[in-house]
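# Fold and geometry: a report
Take a look at the letters that make up each chain.
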Amino acid sequence: MAKKYINESRKTIVSRIKPLLNESYARGYELLAKNQLLFNLEQIINYKENHLGDKAYFKQIVKLWDRNLNIIGRDINIFEKFLAIRSLVLPIEQDYIKYLDLVKICRKLNLFYKAEKILLRLKNKLTQNKLKEKNNPLITEIYTTIDLSYNKCLFEKGQIKESIEKSKNLVDLLDNSLSKEQKVSDNFLDNNFSDIKDKIKSKIYGYYAIFKSKIINFENNIIEEGVNNDIQKLKIQNISNNIRKDDINYYFNLSLKYNNQSYKLWHNYSMFNYKYYKFILLQSNKNKEESSIKNKEILFAKNAVNGFKNSLFIGGKDKKKTFQDILRLLDIFFSEGNKDDDLLNLIIGTFNHIDIDVFLNVLPQLLSRFDIQDKKILEVLFDILTKIGLKHPHSILSSLIVMKHSNSKKRKFSSIKFLEKLINKEKSLKKLIDEYEIFIKELIKCSMLPHEEWCEAIEDITRTFQNGDYNTFSNQMIKLHEKMHEQPKSLYEINFCQKFISEINEAEENLILYKQTKRIEYARTSWELYHNFYRKMSDYYKSFQLLSLKYISPKLFNFKNSNIIIPINYTSNYKSLFFVDTDFDKK
């Protein structure tokens, strides 16, 4: 009979689904899901008729159902229907995790009422199935996991006080059970609480610590995160007065004692200590003579570094997990690394502990510190970048060559020194670095052609001249004249010199005379020459719409058989890259 109705239902779906799928997949999605539900029912019938008791077959179809649930994503109605069909063969105590996954989806969509309703229904089903036997650790785990999910729902909903109180009740229950101070109770949850899995114990302490850590505003000690409006802030402002920040670390440590492989725990532990460190840093800046504050600052900085060490190691190469952690770790490194040797050694150990590919996400931040004055910090920074350069040379070489041509003497010196160190470590990189040097240098030349450079310089120096600052005027223009002493290397440069070299040389002669005699008429004469020169250049190059690369940069035009890569968004598996080839557009 069941098969008959399934076939009739499928015929109805097939007749309706074709026109909907012709419009779009989204239009036919619901009918496709219903068809999958019918298929699941057929699998259950087949299991009960032909494979009842076959654990291997049952495990196979459950694995298939799990995959279907992962595909469904955030469609709550379909998700619930799939769970209802699973309940025909899967007892609630074996499938409660999927119900909690549905609750998680509801929380992300801010459907808190729906989430609470599902949790209540789940508890009722457990009770109806007479699963509340005493002395059963499995049932205690299930009920505790449901309670934890409910507390998280309350916290995200904005019922902060209630969520913390309920979490504290679970913590007290576990503490009493572990200390063996409890007496046998009629409530089965009070018994054998110490026998639940370590991960559940970790969550009990961890959720309590996370809830408390997220509601503290370190600056004025009031509720901050998880509060939706000012009225709720006023209602629960007194909670923060009962929270000691040191206690939060105590519960984090208890949680990590039972599960030290949780990224979420390490991340939240690190973030709490990082925020506390920043708060104490602010206080120490106000009270510079308070050594106790300074010691506390270093202590919480060390806690944060230790936490980031583990969160980054567990997070691996997942940018979503590691990006914020590595940024904060670098902040502590650059701020405190030169103040405490123990802290610096801890940070260096952390850098050595985590995957070097994690640093690819923060290369701009690392390279921006190339002009840092502290030698210890610069040495550690060089070590990190050397490891990156040896493993992923293409990720940093283009930036380093650009930096080599920087106007900043410190950055220029640091980049040259680093490239020499890199070549000493790996001789084969010299050829690649030379290729980058040619390519980047020619690109820089193409980005600012001589006529553009002169026009921009004259525009910039106009106000200086009009203000009567003739010394600055002459010094800046002399630098530009020095470039003209080099031999022209392209047809474009030759053409530019032929057209304007006489005016340029005459202006330079007057500038030199001014610097020698300090007579203002020479500066004014050079300015008039620049003014006429500017007008002639503007008129001459106005008609230029397109410039051929072979006339601007012959070296770049003939750049062949190169191995260089210019990163757009460099990753360790070479995604999103611009590969330099001999056949790229020449114009």
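Residues numbered from 1 in each chain as written. Predicted model: local features only at pLDDT ≥ 70, side-chain atom pairs only at ≥ 80, totals over all residues. Heavy atoms only, no water.

## Some points on the confidence of the model for the protein chain
Mean pLDDT over the protein chain works out to 80, with 85% of the residues at or above the 70 mark. Predicted confidence for residues 181-191 stays below pLDDT 50, and this span has 23 contacts to residues more than four positions away or in other chains. A low-confidence stretch, residues 581-587 (pLDDT under 50), is modelled with 10 contacts involving residues beyond four sequence positions or located in other chains. (pLDDT = per-residue confidence, 0-100. Contact = heavy atoms within 4.5 Å.)

## Some words on the packing of helix 2 (residues 25-50) against helix 3 (residues 55-72)
Each pair of packed helices can be described by the angle between their axes along with the distance between the axes. Where helix 2 meets helix 3, the axes come as close as 11 Å, and the angle between the chain directions of the two elements is 170°. Taken together, helix 2 and helix 3 sit at an angle that is classed as roughly antiparallel. Of helix 3, the residues touching helix 2 (which contributes Y29, Q36, F39, N40, Q43, I44, N46 and Y47) are Y57, F58, I61, L64, W65, N68 and I72. When the residues that make up the contact of helix 2 with helix 3 are grouped by side-chain class, the tally is 10 nonpolar, 5 polar and no charged. (Axes fitted to C-alpha atoms, helices over the stretch in contact; angles between N-to-C directions. Helix = DSSP H or I, 4+ residues; strand = E, 2+ residues; numbered from the N terminus. Parallel < 35°, antiparallel > 145°, perpendicular 65-115°, else oblique. Nonpolar A, V, L, I, M, F, W, Y, C, P; charged D, E, K, R; others polar.)

## Things to note about the layout of surface pockets
Volume-wise, the largest pocket comes out at about 1,600 Å³. Along the walls of the largest pocket sit 37 residues, with I444, E453, L480, K483 and E486 positioned nearest its centre. Elements with a contribution of two residues or more to the lining of the largest pocket: helix 20 (409-425), helix 21 (429-447), helix 22 (450-466), helix 23 (470-483) and helix 24 (491-517). The space that makes up the second largest pocket amounts to roughly 660 Å³. (1 Å grid on protein atoms, 1.4 Å probe; cavity = no way out; pocket = protein on both sides within 12 Å on 5 of 7 lines; lining within 4 Å. Points joined across faces, edges and corners; volume = space filled by probe spheres on them.)

## A few points about the side chain of S526
In this structure, S526 sits in helix 25 (residues 520-541). The buried category is assigned to S526, whose relative accessible area is 0%. Every residue in contact with S526, bar those within four places of it in the chain, is listed here: F473, A507, N510 and L511. (Buried < 20%, exposed > 50% of the residue type's maximum accessible area, 1.4 Å probe, protein only.)

## Describing a nonpolar patch on the surface
A surface patch of nonpolar side chains, amounting to about 280 Å² of accessible area, comprises L491, I494 and Y551. Its location among the elements puts Y551 in helix 26 (residues 549-552). Relative accessible area serves as the criterion here: at 40%, Y551 is assigned to the partly exposed category. (Patch = residues over 30% accessible without salt bridge, like charges linked within 9 Å, V, L, I, M, F, W, Y side chains within 5 Å. Areas by Shrake-Rupley, 256 points an atom, 1.4 Å probe, with all protein chains shown as cover. Salt bridge = Lys/Arg side-chain N within 4 Å of Asp/Glu carboxyl O.)

## Some words on helix 3
Side chains that are three or four residues apart share a direction in an α-helix, a result of its 3.6 residues per turn. Here helix 3 contains 18 residues, and its C-alpha end-to-end distance of 26 Å stays within 8% of the 26 Å for a straight helix at 1.5 Å per residue. Packing partners of the buried residues in helix 3 comprise helix 2, helix 4 (76-86) and helix 5 (92-108). Its side-chain oxygen at 3.3 Å from the backbone nitrogen of A56, D54 defines the N-terminal cap of helix 3. (Expected span 1.5 Å × (residues − 1). Polar contact = N/O pair within 3.5 Å; in protein donor to acceptor, adjacent residues only side chain to side chain.)

## Digging into helix 18 (residues 375-391)
Between its first and last C-alpha atoms helix 18 spans 24 Å; for 17 residues at 1.5 Å apiece the expected length is 24 Å, and the two agree. Three or more residues of helix 18 are buried, namely I377, L378, V380, L381, F382, I384, L385, T386, I388 and G389. Those residues of helix 18 hidden inside the fold are in contact with helix 15 (319-336), helix 16 (341-353), helix 17 (363-367), helix 19 (393-404), helix 20 and helix 21. Sitting at the amino-terminal end of helix 18 is D374, which places a side-chain oxygen 3.1 Å from the backbone nitrogen of K376.

## Comments concerning the pattern of salt bridges
Within the structure shown, the criterion is met by 27 salt bridges. A salt bridge links E521 to R519; its shortest N-O distance comes to 2.7 Å. Taking the relative accessible area as the measure of exposure, E521 reaches 39% and is therefore partly exposed. Each of D66, R86, D95, K98 and D101 takes part in salt bridges that share partners, so that together they form one network.

## Some thoughts on the side chain of R10
Checked against the element boundaries, R10 lands in helix 1 (residues 2-23). At a separation of 3.2 Å, a polar atom in the side chain of R10 contacts the side chain of N35.

## Side note on the nonpolar core
Within soluble globular proteins, side chains that are nonpolar tend to cluster in buried spots. One finds I332, F359, L366 and I388 to be the most contacted residues of the largest nonpolar core, which totals 91 residues. At 11 residues, the largest contribution of residues to this core is made by helix 13 (residues 263-286). Once residues within four sequence positions are removed from consideration, I388 is found in contact with I356, F359, L360, L363, L366, P393, S395 and I396. Among the nonpolar cores identified, the runner-up in size contains 38 residues, and L37, L69, I76 and I78 belong to it. (Core = buried A, V, L, I, M, F, W, Y, C linked by side-chain atoms within 4.5 Å.)

## Let's talk about the packing of helix 19 against helix 21
Two elements in contact, helix 19 and helix 21, have axes whose closest approach is 9 Å; the angle formed by their N-to-C orientations is 50°. Relative to helix 21, the element helix 19 lies oblique. In this structure, helix 19 crosses over helix 21, and the sense of that crossing is right-handed. Along the contact surface, helix 19 presents P393, H394, L397, S398, I401, V402 and K404, while helix 21 presents L429, L432, I433, Y436, E437 and I440. When its residues are assigned to classes, the contact of helix 19 with helix 21 shows 9 nonpolar, 2 polar and 2 charged. (Left-handed = near helix turned anticlockwise from the far one by under 90°.)

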